Amino acid sequence: MNIEELNKIAHAMVAPGRGILAMDESHPTCNKRFEKLGIPTTEPMRQAYRDMLVTAPGLSDYVSGAILFDETIRQKTLDGAPFADHLSNLGIIPGIKVDGGAKPLAGSENEKVTHGLDGLAERCAEYYEMGARFSKWRAVITIGEGLPSWACIEANAHALARYARISQEAGLVPIVEPEVLMDGDHSIARCYDVTELTQRVVFYQLKNQGVALEGIVLKPSMVISGSSDSARADVKTVAEQTVRCLQNTVPAAVPGIAFLSGGQTDQEASQHLNAINLSERTRPWALTFSYGRALQQTAMQVWKGDSANVEKAQQALLWRARCNGSAALGKYSDAMEKQAV
Ligand code: 13P
């Protein structure tokens, strides 16, 4: 593996004031969101939607990379350019989701393990040929009564590490995404404990598989109260506990950390990232966003599957990208939010 090259790509993915647009929803997830808005769940609609996202003027000012789904990397924009080429030409690094989704973990009710290692080396080689320079694999950890189980944490961490090594061998920077789900009424302290343990086990497994830490981007969830906790922690506490957790688990060799939004509102996701970047704690890594919903949800609601709404939807996307780009520099504010176009 070429560690120098991987390191260069990883740094570019987390360049100052820029972050990653996660637009790699699988068919079931994308269709679910379309259905809610009455958008037909067809291939041409998914193509038109993703075309709207990547042709937003000025996107590359705030977006360093975009994660595509298998269908999209094989499609063309409405202007006829392969999506990966279109992104590269804009200076946005094309990436690809390579996991096969989270499936029930045998023997543990309510927990999941991510599938997709079979044939992964071949798929990575093909994606590299198509222009991808990074990959993504998402593992989910559920907090609940007696959960997560050790079996779930270990199986997911092992798969993440196997994926990361395979990806690096193919020249793709792996985004390593162990997501601790926000669902539930657990406290932020419980989220801290589960996130710290999960990340520790992930880095132990990365070591076992010989993954070069200089050539990965970590995509964690923030340390945050459960979505139905009655006493949810404030923005500053989320930021402090998140950075504290990273300090305890992530070696300084890792170039960058790009958070998922995980069901936070648009504004929460920006506020938290901003506060994280204002933390007085030592932060040897770049800290930015790799948001899906917190970048796209407003834009999708505005678009509604109608080409007449493209310009307005692009403005909505660009606004969230700009807010999060500012938050990655610690320069976002609630006052900025009021200037929304
Ligand atoms: P959200 O920001 O919507 O959580 O999505 C990010 C992502 O890529 C999940 O894998």
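The structure under discussion appears in the preceding block.
What counts, and at which threshold
Residues numbered from 1 in each chain as written. Predicted model: local features only at pLDDT ≥ 70, side-chain atom pairs only at ≥ 80, totals over all residues. Heavy atoms only, no water. Helix = DSSP H or I, 4+ residues; strand = E, 2+ residues; numbered from the N terminus. Rg over C-alpha atoms; globule rule 2.2 N^0.38 Å. Buried < 20%, exposed > 50% of the residue type's maximum accessible area, 1.4 Å probe, protein only. Contact = heavy atoms within 4.5 Å. Areas by Shrake-Rupley, 256 points an atom, 1.4 Å probe, with all protein chains shown as cover. Lys, Arg positive; Asp, Glu negative; His and termini not counted. Charge placed at Lys NZ, Arg CZ, Asp CG, Glu CD. Axes fitted to C-alpha atoms, helices over the stretch in contact; angles between N-to-C directions. Parallel < 35°, antiparallel > 145°, perpendicular 65-115°, else oblique. Left-handed = near helix turned anticlockwise from the far one by under 90°. Pairing = 2+ DSSP bridges. Salt bridge = Lys/Arg side-chain N within 4 Å of Asp/Glu carboxyl O. Near = heavy atom within 4 Å. Polar contact = N/O pair within 3.5 Å; in protein donor to acceptor, adjacent residues only side chain to side chain. 1 Å grid on protein atoms, 1.4 Å probe; cavity = no way out; pocket = protein on both sides within 12 Å on 5 of 7 lines; lining within 4 Å. Sits in = over half its atoms within 2 Å of the grid points. Nonpolar A, V, L, I, M, F, W, Y, C, P; charged D, E, K, R; others polar. Points joined across faces, edges and corners; volume = space filled by probe spheres on them. Phe/Tyr/Trp six-rings, centres within 6.5 Å; stacked < 30°, edge-to-face > 60°. Lys NZ or Arg CZ within 6 Å of the ring centre and 35° of its normal.

Caption draft 1: Here's a closer look at the overall build of the chain. Of regular secondary structure, the chain possesses 13 helices and 10 strands. Here the C-alpha radius of gyration of the chain, 19 Å, is about what a compact globule of 341 residues would show, namely 20 Å. Seen through its C-alpha atoms, the chain measures out along the principal axes to roughly 50 × 45 × 40 Å. The buried share among the 341 residues of the chain stands at 56%. Of the contacts made within the chain by residues no fewer than 6 positions apart, 78% connect residues no fewer than 24 positions apart. By element, 49% of the accessible surface of the chain is carried by carbon and sulfur atoms, the whole surface being about 14000 Å². Here the chain carries 34 positive and 39 negative side-chain charges, and the mean point of each set is 2 Å from the other.

Caption draft 2: Fine view of the packing of helix H9 (residues 235-249) against helix H10 (residues 266-276). At a minimum axis distance of 8 Å, the contact between H9 and H10 shows a crossing angle of 55 degrees. With respect to their mutual orientation, H9 and H10 come out oblique. Along this stretch, H9 crosses H10, giving a crossing that reads as right-handed. Across the interface between the two elements, Val235, Val238, Ala239, Thr242 and Val243 of H9 pack against Gln271, His272, Ala275 and Ile276 of H10.

Caption draft 3: Structural detail: the sheet that holds strand S1 (residues 19-22). Taken together, the eight strands give a closed barrel; going around it, the order is S1-S2-S3-S6-S7-S8-S9-S10, and neighbouring strands pair in parallel fashion. Bridge count between strand S2 (residues 63-68) and strand S3 (residues 93-97): four bridges; the pairing is parallel. Along S3, the bridge assignment pairs isoleucine 67 with glycine 95.

Caption draft 4: A look at the pattern of salt bridges. Under the defined criterion, the tally for this structure stands at 16 salt bridges. With a closest N to O distance of 2.8 Å, arginine 46 and glutamate 71 form a salt bridge. On the criterion of sequence distance, the pair formed by arginine 46 in helix H3 (residues 43-54) and glutamate 71 in helix H4 (residues 70-73) is long-range, its members being 25 residues apart. Just as arginine 46 is buried, glutamate 71 falls in that class too. With a closest N to O distance of 2.7 Å, arginine 165 and glutamate 169 form a salt bridge. Of this pair, arginine 165 and glutamate 169 both sit in helix H7 (residues 150-169), separated by four residues, roughly a single helical turn. Beyond isolated ion pairs, a larger network of salt bridges with shared partners links Asp24, Lys136, Arg138, Glu177 and Glu179.

Caption draft 5: Representation of the site of the ligand. Taken together, the neighbourhood of the ligand is formed by 13 residues, with Lys136, Lys219, Ser261, Gly262 and Arg293 sitting nearest. Within the side chain of lysine 219, one N or O atom sits 2.6 Å away from an oxygen atom of the ligand. Arginine 293 is positioned with one of its side-chain polar atoms (N or O) 2.7 Å from an oxygen atom of the ligand. The fraction of the free accessible surface of the ligand (300 Å²) that becomes covered by protein chains is 92%. More than half of the atoms of the ligand fall within 2 Å of the grid points belonging to the largest pocket. For the shell around the ligand, the secondary structure elements donating two or more residues are strand S6 (134-141) and strand S10 (286-291). Looking at side-chain class alone, the shell around the ligand contains three nonpolar, four polar and six charged residues.

Caption draft 6: Up close: the layout of surface pockets. Quantified by volume, the largest pocket comes out at close to 1400 Å³. As for the largest pocket, its lining consists of 43 residues, of which Glu25, Thr29, Arg33, Arg138 and Arg293 are closest to the centre. Of all the elements in the fold, those that place two or more residues in the lining of the largest pocket are helix H2 (27-36), helix H6 (120-129), S6, strand S7 (173-180), S10 and helix H11 (293-303). Among the residues forming the lining of the largest pocket, the class breakdown is 13 nonpolar, 13 polar and 17 charged.

Caption draft 7: Fine view of empty space enclosed by the protein. A full pass over the atoms with the stated rule returns one cavity of 30 Å³ or more. By volume, the largest cavity amounts to about 60 Å³. Lining the largest cavity are Glu179, Val180, Leu181, Met182, Ser221, Met222, Ile224, Leu260, Ser261, Gly262 and Gln264. Of the residues contributing to the lining of the largest cavity, the split by class is six nonpolar, four polar and one charged.

Caption draft 8: Region of interest: the pairing of S1. Of the strand pairs in this sheet, S1 and S2 are connected by four bridges, and their pairing is parallel. Opposite leucine 21, over in S2, you have alanine 66 as the bridge partner. Here S1 pairs with S10 via two bridges, running parallel. Within the sheet, the bridge partner assigned to leucine 21 lies in S10 and is tyrosine 291.

Caption draft 9: Molecular detail of the packing of aromatic side chains. Scanning the model with the defined rule gives five aromatic pairs in all. Here phenylalanine 289 and tyrosine 291 contribute two aromatic rings whose centre-to-centre distance is 5.7 Å and whose plane-to-plane angle is 40 degrees, an arrangement assigned as tilted. Here phenylalanine 289 and tyrosine 291 have matching classes, each one buried. Every member of this aromatic cluster is reached through a ring pair, and the members are Phe34, Tyr49 and Trp303. Taking NZ or CZ as reference, arginine 133 lies 3.7 Å from the ring centre of tyrosine 128, over its face. In this structure, arginine 244 packs its charged tip against the face of tyrosine 192, placed 4.1 Å from the ring centre.

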